[in-house]
Amino acid sequence: MKKFAMLLSLIIVGAFLLQVASEMREFGEPYEGVGPDDTIIKQYDNPTGDNNYMDEYMLNNSQEDTGTNNVVTAVVFDFRGFDTLGEATVLFTAVSSIYLVFRRKMDLEKDQKGKGKKKLGSDTIKEMSTIVRTSSNIAFPFILIFGFYIILHGHLTPGGGFQGGAVAASAIALILVAHGWDKAKHFFSKDNFSIGESLGLFFFISLAFLGIAAGEGFFYNFLAHDGYIFGNSVIAGSTGADINTGGTVPLLNMAVGFEVICAFGIILFSMLKGMDYLKEREDPPNTDSSKGGEN
Amino acid sequence: MLVNLPYIVVALLIIIGLYAVVMKKDIIKMIIGIQIMETGVNLFLITLGYRTDSVAPIFTAADKDAMVFPTVQALTLTSIVIGVATVALMLSFAMLLYKHNNSLSTDKTRRLNG
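Computed from a predicted model, the values in this text were never measured in an experiment.

**Describing the interface of chain A and chain B**
Contacts between the two partners involve 71 residues from chain A, matched on the other side by 58 residues from chain B. At the boundary of chain A with chain B, total buried surface from both sides reaches about 5800 Å², with 72% on carbon and sulfur atoms. Run the count over chain A and chain B and you get 0 salt bridges. In this assembly, chain A and chain B are joined by 7 residue pairs in polar contact (both at pLDDT 80 or more). Only helix H1 (2-22), helix H2 (54-66), helix H3 (71-79), helix H4 (81-113), helix H6 (161-187), helix H8 (248-279) and helix H9 (287-294) of chain A provide two or more residues apiece to the side of chain A that touches chain B.

**Things to note about a nonpolar patch on the surface**
A cluster of nonpolar side chains, Met1(A), Phe4(A), Leu8(A), Ile12(A) and Phe16(A), forms an exposed patch at the surface whose accessible area comes to about 620 Å². Structurally, the position occupied by Leu8(A) is in helix H1.

**Brief notes about unusual backbone geometry**
Residues and elements named next belong to chain A. Of note, the phi angle at His225 is positive, near 65°, even though the residue is not glycine. Considering the arrangement of structural elements, one finds His225 in the loop between helix H7 (190-213) and H8. Even without being a glycine, Phe230 presents a positive backbone phi close to 50°. Phe230 sits in the buried class, given a relative accessible area of 15%.

**Topic: the environment of Ala56(B)**
Residues and elements named next belong to chain B. Looking at the secondary structure, you find Ala56 in the loop between helix H2 (27-48) and helix H3 (70-101). Considering only alpha carbons, one finds Ala56 and Val68, 12 residues apart in sequence, at a separation of 5.9 Å. Here Ala56 is in contact with Met67 and Val68, once residues within four sequence places are set aside.

Calculation notes
Residues numbered from 1 in each chain as written. Chains lettered and ligands numbered in written order. Predicted model: local features only at pLDDT ≥ 70, side-chain atom pairs only at ≥ 80, totals over all residues. Heavy atoms only, no water. Contact = heavy atoms within 4.5 Å. Buried area = accessible area lost by both parts, 1.4 Å probe. Salt bridge = Lys/Arg side-chain N within 4 Å of Asp/Glu carboxyl O. Polar contact = N/O pair within 3.5 Å; in protein donor to acceptor, adjacent residues only side chain to side chain. Helix = DSSP H or I, 4+ residues; strand = E, 2+ residues; numbered from the N terminus. Patch = residues over 30% accessible without salt bridge, like charges linked within 9 Å, V, L, I, M, F, W, Y side chains within 5 Å. Areas by Shrake-Rupley, 256 points an atom, 1.4 Å probe, with all protein chains shown as cover. Buried < 20%, exposed > 50% of the residue type's maximum accessible area, 1.4 Å probe, protein only.

See the structure below:
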């Protein structure tokens, strides 16, 4: 009966969604503003020249305001920098929770076992064959360089800190899978990743506060068009790629990219360690939980 | 009707995700349903900003003719990153639930006194 009610409500909600979807405005023709006498104003043939619409303003002024060729990166790190601050904080909080959850449980278990010298993680991820290890050694620097390229050129080409950080973190996953847990522990440590993640977020917020120190506002792009660090001016319209542009946007990209690499490293190491923790189920950590399972 | 095909695909994705969240008992399947719903939302945002015969909003060697709207793409980027972080957290909690209850079914996890 309950299942039937759920299915019925699902069908009603789905019918409403489909009906709304079929009555949306046509695909490929977003709202573009209505002029004084009901004339449709398209982007770039705005007769009055004032920028009334948000996306239109960003497309027309991102090069003058931020010196950034990639408008999406300009929106993420400059026009809507507060949004990205919240995003980076959500990532930091979620990853910190993962770190905390597994660390506390496993430390408790180790204390109860007394001399528990057994290392978690080394059973789950074993070393793979020579062919896999050699090819992963060859691929590792290229993947890392490609990730750093995406981070560094975020203001010129598609990419940015989040995407490049994910690519570079996949190199860490490759080393971990190919060489096994014990050897990967020599190169990477979860605690160092935690420190690096905090440092990335710290640099991000510090750069935002430097905008106030420069006499403007929070997240103000104080380096754009001043001729020094990332300070070259760009010509409006289609240009070539000049990496020395963008003001604070490339620096924010680097901070976020560093944070994302370390965050993904923490996720990888914590959850793989937790997999080994799941295997030892003959000895529950505390008696309350096992009693709760019985009830 | 056929012009609105992307919106209909969005609606179908959200319905499939809702079905998995509401009807399934397995926690991993529910997490997959949440991810499918999030994919639908991302597709909806991208669809809203698309204009016919326009290029990506990047000025590096592009013709300044017509560009798709950049704000929705930035919002989608935010959504993807938050989705990755939250799904990792959800899977961690699923692992802990499996450790304590020896099962991933929602029937067995009614009492969370552990």
